[in-house]
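Structural characterization, general
Spelled out from the first residue to the last, the chains are:
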Amino acid sequence: MQTSSDSPIVLLGARILSPYIMMFGLYVIFHGHYSPGGGFQGGALLAASVLLMRVASGSRTSNLLLDEAVTTPMGVVGVLIYFGTGLVALLAGGEFLDYGALPIPGMSPEYLRYTGILIIEIGVGLAVMAVLVQIYDRMVAGERGAGTFRHPADSAETREEDA
């Protein structure tokens, strides 16, 4: 698989399209709570814009857009936003993900549900984008001959046994 293009036309096209794909992905996330779309679809679009730049320019240049070291914490933050919203509603006396029980003062239950769904969509979009970019980065690292990905918890003894 070719990881970057030497063609200035491909690079220019990717640089022009990527911000528009990102904006559409954000639109899908922020309007997904009352229209078709949502966090998963918007996150996939955001990941597609990053991956377009990764394929067109290589990971060295596209790391300026989204560094590989940021994807794991970004995915964790997305999951924490989702889980935290449900937990806050649970601690406020409602059920898990009962948006009407969110303790936001001055909002009617209808607007609480509206806001709660929006918060969930943002968390899902962030997690989906981070995980999809991370999957691509792991596949490219394995293809480049960087070896198979090993979890940091693997001990040195296990690595010696494999050798």
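Since the model is a prediction, treat every value here as computed from it, not as a measurement.

Basis of the calculations
Residues numbered from 1 in each chain as written. Predicted model: local features only at pLDDT ≥ 70, side-chain atom pairs only at ≥ 80, totals over all residues. Heavy atoms only, no water. Core = buried A, V, L, I, M, F, W, Y, C linked by side-chain atoms within 4.5 Å. Buried < 20%, exposed > 50% of the residue type's maximum accessible area, 1.4 Å probe, protein only. Helix = DSSP H or I, 4+ residues; strand = E, 2+ residues; numbered from the N terminus. Contact = heavy atoms within 4.5 Å. Phe/Tyr/Trp six-rings, centres within 6.5 Å; stacked < 30°, edge-to-face > 60°. pLDDT = per-residue confidence, 0-100. Patch = residues over 30% accessible without salt bridge, like charges linked within 9 Å, V, L, I, M, F, W, Y side chains within 5 Å. Areas by Shrake-Rupley, 256 points an atom, 1.4 Å probe, with all protein chains shown as cover. Salt bridge = Lys/Arg side-chain N within 4 Å of Asp/Glu carboxyl O. Expected span 1.5 Å × (residues − 1). Arc of directions from axis to C-beta.

Inside soluble globular proteins, nonpolar side chains tend to come together where they are buried. Ranked by size, the top nonpolar core spans twelve residues in total: Ile29, Leu46, Ala47, Val50, Leu51, Leu66, Met74, Met129, Ala130, Val133, Tyr136 and Val140. Those elements that place two or more of their residues in this core are α2 (39–62) and α4 (109–143). The dominant element in this core, judged by the number of residues it contributes, is α4, at five residues. Filtering out sequence-adjacent residues up to four positions away, Ala130 remains in contact with Thr71, Met74 and Gly75.

Turning to the packing of aromatic side chains, a few remarks are in order. By the definition in use, this model includes two aromatic pairs. Aromatic side chains Phe24 and Tyr27 sit 6.1 Å apart centroid to centroid with 20° between the ring planes, which places their arrangement in the stacked category. Of the two residues, Phe24 and Tyr27 both sit in helix α1 (residues 8–31), three residues apart, roughly one turn of that helix. Among the residues examined, Phe24 registers a relative accessible area of 48% and is labelled partly exposed. Note on Phe83 and Phe96: the rings are 5.9 Å apart at their centroids and 45° apart in plane angle, and the pair reads as tilted. Separated by 13 residues along the polypeptide, Phe83 in helix α3 (residues 71–91) and Phe96 in the loop between α3 and α4 bring together distant segments of the chain.

Next up on the list: the confidence of the model for the chain. Overall, the predicted model of the chain reaches an average pLDDT of 84, with 83% of residues at or above 70. Within the chain, the lowest mean pLDDT, 52, falls on helix α5 (residues 156–162), and the highest, 95, falls on α3. Across residues 151–155, where pLDDT falls below 50, the model places two contacts with residues more than four positions away in sequence or in other chains.

The next thing to look at is a nonpolar patch on the surface. Taken together, the side chains of Tyr82, Phe83, Leu87, Leu90, Leu91 and Phe96 make up a nonpolar region of the molecular surface, amounting to roughly 570 Å² of accessible area. Residue class for Phe83 comes out partly exposed when judged on its relative accessible area of 43%.

Residue Leu97 is not a glycine yet carries a positive backbone phi of 65°. Tracing the backbone through its elements, the reader meets Leu97 in the loop between α3 and α4.

A residue is classified by how much of its surface remains accessible, and Tyr27, at 45% relative accessible area, is partly exposed. Separated by ten residues in sequence, Tyr27 and Gly37 place their C-alpha atoms 9.1 Å apart.

Let's shift gears to α3. Taking 1.5 Å as the rise per residue, α3 with 21 residues should run 30 Å; its terminal C-alpha atoms sit 30 Å apart, in good agreement. Considered for burial, the residues of α3 that qualify are Thr71, Met74, Gly75, Gly78, Thr85, Gly86 and Ala89. For α3, the arc enclosing every buried residue in end-on projection is 125°, short of the 170-degree limit, so these residues lie on one face. Away from the buried face of α3 by more than 90 degrees, exposed residues Leu80 and Leu91 are located. In this structure, the buried side of α3 is in contact with α4. Remark: Gly93 follows α3 within two positions and exhibits a positive phi of approximately 105°.

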